[in-house]
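Commentary on secondary and tertiary structure
Listed here are the chains, written in short residue letters.
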2 protein chains.
Amino acid sequence: MEKTGFRRNLINITPYVAGEQPKNDRIIKLNANENAYPPSPMVQKAINGFDVSSLRRYPDFSGEPLRSRLAEYYGLKTSQIFVGNGSDDVLAAAFRAFFNGSEPILYPDVTYSFYPVWCEILKIPFKTIPLREDFTINVDDYCVPNGGIIFPNPNAPTSIALSKGEIIRLLDANRDVIVVLDETYIDFGGESCVDLLGSYDNLVITRTFSKSRSLAGMRLGFAMGSEELISYMNAVKDSYNSYPVDAVAIAAGCAAVEDDEYFKGTLKKLIATRERLAGEFTELGFKVAASAANFLFVTHPRYKAKDIFTYLRDKGIFIRYFDSPRIDNYLRITVGTDEESDRLTEAVREFVR
Amino acid sequence: MEKTGFRRNLINITPYVAGEQPKNDRIIKLNANENAYPPSPMVQKAINGFDVSSLRRYPDFSGEPLRSRLAEYYGLKTSQIFVGNGSDDVLAAAFRAFFNGSEPILYPDVTYSFYPVWCEILKIPFKTIPLREDFTINVDDYCVPNGGIIFPNPNAPTSIALSKGEIIRLLDANRDVIVVLDETYIDFGGESCVDLLGSYDNLVITRTFSKSRSLAGMRLGFAMGSEELISYMNAVKDSYNSYPVDAVAIAAGCAAVEDDEYFKGTLKKLIATRERLAGEFTELGFKVAASAANFLFVTHPRYKAKDIFTYLRDKGIFIRYFDSPRIDNYLRITVGTDEESDRLTEAVREFVR
C-alpha cells in the first residue's frame, strides 16, 4: 500500500516482534543467555554507594575511567579501548566505521541475527558463508576477496568456538581488510585473540558485560584494537551520540573488572554446570554441540525441537527456538544455576519418556 | 591522501574535537547547560537502593516502566512515548524514522549542531533557514514545500522561544510532512506543544532528562507523538540496539518524574537566577536575548566575545564560545547557582571595568 501525506517520508521498516519476556518469578528463564549469577558485590557497592548528585553533569565523554580499567586488565593502552551502550551499540559502530568498501563483507549463514540488519540499514554489501554441516566455520571459505569479515567466537547460536590457530590462518589471508572478532561469549571457553592485537593492526575484538560479567541490565560493551581503528569508532560515536555510556554504568563496569576473583569464580561454576548439563542431555539422546559458551545448542534425532520448546514453555521453562533455515530443529538453552538445570533436565526427561 | 590496504574501507569521517572538560573542582562550569542543582532525593534513593542482582537480566525491552510513568505525567498513552539513551539517541532515531523523503528537510541556520551531522550520516537532503537578524524564527520561511521540519523550542544556542500560536501556524502549513519539535529546554520557559499532539498526527516532540531533571550523567531522553509515529521510532531502535536504556536509568527516570515538587522547585530557583543574571548583564552593557532556557545568549557592543570567553576561562569560569558564522561574537552562558552567578558577574564586571 502506497503511503501518502506525511507517511510517505516514514522509514520502510517492519517493526521487530520481541520475544516473550516472562514476568512471573517462578518461571525459569533460559532463553536470553543471561548470567545465572548476580554481578559482583563490588558492583552492588558501586551502584548503591554512587554519588547521585554528580549525575547533573554529563558523564566522561569517552568513558575514560572504564577504558583505562579495561586497558590495564587486558594489557593495552586506554586509546585501544572503545566503550559503548551494550555490544550492539559497539558492533553497530564497528560496522559503520570499518565496512565501507564496495566488495561484500563476509559472515556465517548461521550467526548473530543483527549482522544482516546493520548491513541493510547501512547499505553494506555482504555475502553469507555457510557453516559446515557440523556448524563449524571453514576458514578456507573466508580466504577470498572481500570487504571485511565479522564472526562471533564462539559462534552463536551454535556455541562452537574456532581455534586460535584457525583464526590466525584467517587473519593471515586477510591483511587488507578489517576483521571484527565478536568475543561476546569468549570468557566461557574458547581462546581469546586479544594477544594478537599487537600483530594484526586490522583486527578489532568486541566484548560485552552482558554475559560473563552479569550486567545485561546495565548496557555495557567494548571493543579493543589498534589506536587508529579505535579512534575511528570514537569518531563514529561522537558524530551520533556523544555520551552513550552513563556515569553509573561506568562505575559499575569498573567495579566488575576490579573483582576478578568473583568473575573467575562465577565462570568456573557456570562451566561446571554446562558440562554436567551437556552430559545429561547426551544421555537423554540429544546431540549436543561442543559448547564454549554459557548455552547449549542441541537437537534430538527423535523429537521435534519445536515440540520440546512448547512442552517446556508450558511447564514454565523458557528456552530459545529459532524458526530459521538449517537450525529449525535445534534448541538454544542458556546454562542456569545447578538448581535450574536440574529442573530443566527433569522436565526434558519427562518429555522424552 | 588515498587510503590503501584495509584502511580503504574506513569511514570517511573527521574525528570530533571535544570541548574542554575541566576537572578541577574549584572551576565554575557554565559551558554545557547542565542543571545547577542535583537530581531529586527520590532519584538518589532509587539508585542507592537499586536491586543490583537484577542487573544480570536484560532491562525492559522498551523501557516500559518509564514510558508509562511519562505517559501518566503528560496525559498520553504509553504507546505514545519513546525512550532512548539521551536525547541525541532519540533525535537520531527520529531523523532515521521520519526524514526519508526526496525533498530537503528544513531547520534553522543557527541551531543544534548535531542536525547537520545526522543529515550527513543518513544522507538526508536538508536546507537551512536563516533566523531573522534578531535570531528569532520566521515561520513564513517554513511554509514552503519540504521533506520535514525540525527545530528546538526554545532554540539553542539562542535561548529564544517561539510562541505556541506561531508553532500552530507552522503546523497548519505543514500537514503533509513530519514536524519534530525539540523541546530540550521547554521546562525553563516557553509554551510546550504537548497538548497539540491530539490535533496533529504529524507532530513529534522530543525531550531530555539532562537539563531540567538534572540527569545529564544518566543518559535519558524521550519522544512523544501518535502511536503510529512512536511505533516507527521503536522499530528503528529495535533494528539497531534493542536495549538502549539500562535498568538503573529506567528506575532513576521514574523517580525523577515522580518527584514533581522537587522538579518544580528547582525550575523556579533557576528561572529566578536567570532573570537576575539577565538584568545584571544588561546593566553591564550586554545585549541579552530573551531567554526561555537555562542559559543566556549574550553579546557586548564594545568587547569581543572571544576575549571575554578567554578572560573568564583564565579565571576558572568556563562558558561557551562558538567560532561559527553569525554567532562568533556571542556567548552562551549556563545559569548556575546564585553563588556561581555572583562570581560570574563579578568577573565580567572586572573585565568590563
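Quick caveat, the model's predicted, so the values are computed rather than measured.

All names here are of chain A. Segmentation of chain A into domains returns domain 1 (20-39 + 261-352) and domain 2 (41-258). Counting residues at the interface gives 26 residues for domain 1 and 28 residues for domain 2. It is P39, F263 and R326 in domain 1 that bury the most area against domain 2; as a group they hold 32% of the surface buried on that side. Applying the counting criterion to the domain 1 and domain 2 interface returns one salt bridge. Residue R326 pairs with D109 through a salt bridge whose shortest N-O separation is 2.8 Å. Elements with a contribution of two residues or more to the side of domain 1 that touches domain 2: helix 8 (260-283) and strand 10 (295-299). Of the residues forming the side of domain 1 that touches domain 2, the biggest block, seven residues, is contributed by helix 8.

Turning our eyes to something else, we now look at the sheet that holds strand 9 (residues 287-288) of chain A. All names here are of chain A. Pairing within the open sheet is antiparallel, and its four strands lie in the order 9-10-13-12. Bordering the open sheet on either side are strand 9 and strand 12 (320-321), each of which pairs with just one other strand. Bridge count between strand 12 and strand 13 (residues 331-334): two bridges; the pairing is antiparallel. Bridged to R320 within strand 13 is R332. This element, helix 8, spans strand 9, strand 10 and strand 13 of the sheet and lies at about 10° to strand 10.

Two chain copies, one operation linking them: a rotation about an axis together with a shift along it. Each copy of the sequence occupies a distinct position, and chain B is placed on chain A by a rotation of 180° and an axial shift of 0.0 Å, giving an RMSD of 0.0 Å. Both copies are brought into coincidence by an operation consistent with a two-fold rotation axis. Taking the C-alpha atom as reference, chain B places N48 of chain B closest to the rotation axis, 1.9 Å from it. Most of the interface of chain B is mirrored in chain A: 100% of its interface residues are interface residues there too.

Per-residue confidence for chain A averages 95 on the pLDDT scale, and 97% of its residues sit at or above 70. Here the complex is predicted with pTM 0.95, and the ipTM for its interfaces comes to 0.95.

Cut-offs and rules
- Residues numbered from 1 in each chain as written.
- Chains lettered and ligands numbered in written order.
- Predicted model: local features only at pLDDT ≥ 70, side-chain atom pairs only at ≥ 80, totals over all residues.
- Heavy atoms only, no water.
- Domains from an automatic or database assignment.
- Contact = heavy atoms within 4.5 Å.
- Buried area = accessible area lost by both parts, 1.4 Å probe.
- Salt bridge = Lys/Arg side-chain N within 4 Å of Asp/Glu carboxyl O.
- Helix = DSSP H or I, 4+ residues; strand = E, 2+ residues; numbered from the N terminus.
- Pairing = 2+ DSSP bridges.
- Axes fitted to C-alpha atoms, helices over the stretch in contact; angles between N-to-C directions.
- Least-squares fit on C-alpha atoms with pLDDT ≥ 70 in both.
- pLDDT = per-residue confidence, 0-100.

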